[in-house]
Amino acid sequence: FLLCPLVHAQNGVQISRNIEYLRLENQPLHFDLMRPAKLPQNPLPVVLFFGGGTWKTPSRKPNFACEELARRGFAVAIVGFRGREVARFPAPLDDARALVRFLKTRAKNYSLDANKIGAFGVSTGGTLAALLGFTGSSVSALCLESAPTDLGSLNAGSRVKWDGILAGFAGEKAGFERASPLFWADEDAPPTLLLHGDSDDFVAPAQSEKLFQKLKKAGARVRYLVFEGETHGLKTARKDADDAVVKFFVETLGARR
């Protein structure tokens, strides 16, 4: 497991691509690592980023918040995992846990702070980020944007018929509960930020509302930002959403410029 050569550095950010963190039956799994172009003396807090894509193998494309986090003194690990076309749940969660272990054991190699790990997931990537955060994987802060949290009710309020997608991800309906972050959320949840558009007809805002209410009732630290008139992707509110994400991780993980 060697750090790949630097292939991109601009706008204050360096990216090392295709770092192998796990090999399964001779098939490698990779992640990309974004860090400040000029590394500080102090180790970097880490945020694992899970992109969307209906739980297919991700393209590992960062969003704007990832770049800003790197500029602000974070390392952002853009997670590659086995998608539903390769393996069903809990395979992608197992992969994410393996990446956490990899980052912890090699923290010094990458100038990382192994005690400050956050997770950030967008859309279906948020499901995996939440599962990682709620099932005891050393995640100290969690941010979910427009994320499915209760798979059994995902069709409600959505223009998408999720049945086939869910079957590919979690198998039979009997398995939906254990693949749902709502099932695992309790008082031990890390500080959590939820973001959702109130006009989202892809993943209905009720998905975030349910999780918010359960975490709040359990006494966990949680904040829910609702963006009025926004659909999936929060396009016109993108800057406000990204600013909220960066501020949240700065406050919870304490990165320095």
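How each quantity is defined
Residues numbered from 1 in each chain as written. Predicted model: local features only at pLDDT ≥ 70, side-chain atom pairs only at ≥ 80, totals over all residues. Heavy atoms only, no water. Helix = DSSP H or I, 4+ residues; strand = E, 2+ residues; numbered from the N terminus. Buried < 20%, exposed > 50% of the residue type's maximum accessible area, 1.4 Å probe, protein only. Contact = heavy atoms within 4.5 Å. Expected span 1.5 Å × (residues − 1). Core = buried A, V, L, I, M, F, W, Y, C linked by side-chain atoms within 4.5 Å. 1 Å grid on protein atoms, 1.4 Å probe; cavity = no way out; pocket = protein on both sides within 12 Å on 5 of 7 lines; lining within 4 Å. Points joined across faces, edges and corners; volume = space filled by probe spheres on them. Nonpolar A, V, L, I, M, F, W, Y, C, P; charged D, E, K, R; others polar. Axes fitted to C-alpha atoms, helices over the stretch in contact; angles between N-to-C directions. Parallel < 35°, antiparallel > 145°, perpendicular 65-115°, else oblique. Left-handed = near helix turned anticlockwise from the far one by under 90°. Pairing = 2+ DSSP bridges. Right-handed = clockwise from strand over helix to strand, strands pointing away. Salt bridge = Lys/Arg side-chain N within 4 Å of Asp/Glu carboxyl O.

Q: What's the story with the overall build of the chain in this structure? I'm lost.
A: What the chain contains, in helices and strands, is seven helices and nine strands. When the backbone C-alpha atoms are referred to their principal axes, the chain occupies close to 50 × 40 × 30 Å. Going through the 257 residues of the chain one by one, you find that 55% of them count as buried. Counting only contacts in the chain whose residues sit at least 6 apart along the sequence, the fraction spanning at least 24 positions is 72%.

Q: I keep staring at helix α6 (residues 206-218) and nothing clicks. Help me out?
A: One full turn of an α-helix is made of 3.6 residues, so residues set three or four places apart face in the same direction. With 13 residues, α6 ought to run about 18 Å at 1.5 Å a step, and its terminal C-alpha atoms sit 18 Å apart, in line with that. Those residues of α6 hidden inside the fold are in contact with α3 (124-134), β7 (141-145), α5 (181-184), β8 (192-197) and β9 (222-227). At the exit of α6 stands Gly219, carrying a positive phi of roughly 90°.

Q: Sorry if this is basic, but what is going on with the nonpolar core here?
A: Burial of nonpolar side chains together is a common tendency in soluble globular proteins. Residues Phe31, Leu48, Phe50, Trp55, Leu103 and Trp162 are the most contacted members of the largest nonpolar core, which totals 59 residues. A per-element tally of this core places helix α2 (residues 91-105) first, with seven residues. Other than its neighbours up to four places away in sequence, Trp162 contacts Thr54, Trp55, Thr124, Leu154, Asn155, Phe202 and Val203. Membership of the second largest hydrophobic core comes to 29 residues, among which are Val47, Leu69, Leu193 and Ala241.

Q: For this particular structure, what's the right way to read the side chain of Thr127?
A: Locating Thr127 in the fold gives a position in helix α3. Once residues lying within four places of it in the same chain are set aside, the contact partners of Thr127 are Trp55, Ala147, Pro148, Ala179 and Pro181.

Q: Can you help me understand the layout of surface pockets in this one?
A: Empty space among the atoms becomes apparent when a probe as large as a water molecule is rolled across them. Taken as a whole, the largest pocket spans an internal volume of roughly 610 Å³. If you trace the largest pocket, you find 26 residues lining it, with Phe49, Lys61, Pro62, Asn63 and Val122 closest to the centre. Looking at the lining of the largest pocket, the elements that each hand over two or more residues are β4 (44-50), α1 (64-71), β5 (75-79) and α7 (238-253). Its residues assigned to classes, the lining of the largest pocket comprises nine nonpolar, ten polar and seven charged. Looking at the second largest pocket, its volume works out to about 230 Å³. Gln27, Pro28, Leu29, Arg82 and Val86 are, among the 13 residues lining the second largest pocket, the residues nearest its centre. The residue inventory of the lining of the second largest pocket, partitioned by class, reads six nonpolar, four polar and three charged.

Q: Is there a simple way to think about the packing of α2 against α3 in this case?
A: Think of two packed helices as two axes; the pair is described by the angle between the axes and how far apart they sit. Direction vectors running N to C along α2 and α3 enclose 60°, while the axes themselves pass 10 Å from each other. Classified by the interaxial angle, the pair formed by α2 and α3 is oblique. Note that α2 runs across α3; the crossing there is right-handed. Taken together, the residues of α3 that come into contact with α2 (itself represented by Pro92, Leu93, Ala96, Arg97 and Val100) are Leu128, Leu131 and Leu132. Looking at the contact of α2 with α3 residue by residue, the class counts come to seven nonpolar, no polar and one charged.

Q: Is there a simple way to think about the pairing of β7 in this case?
A: Two faces belong to every sheet, and in a regular strand the side chains alternate between them. Counting buried positions over the five residues of β7 gives five, a clear majority of the element. By the bridge criterion, five bridges tie strand β6 (residues 112-122) to β7 in an arrangement that is parallel. Each residue of the ladder has a partner; that of Ala119, found in β7, is Leu142. Read from β6 through α3 to β7, the crossover connection turns out right-handed.

Q: It is not clear to me how the pattern of salt bridges should be interpreted in this structure. Could you clarify?
A: Under the counting rule described, the total for this entry stands at eleven salt bridges. Between Glu145 and Arg238 there is a salt bridge, and its shortest N-O distance comes to 2.7 Å. With Glu145 in strand β7 and Arg238 in helix α7, this pair connects stretches of sequence that are 93 residues apart. For Asp150, the salt bridge identified is with Lys210, shortest N-O distance 2.9 Å. Separated by 60 residues along the polypeptide, Asp150 in the loop between β7 and α4 (163-170) and Lys210 in helix α6 bring together distant segments of the chain.

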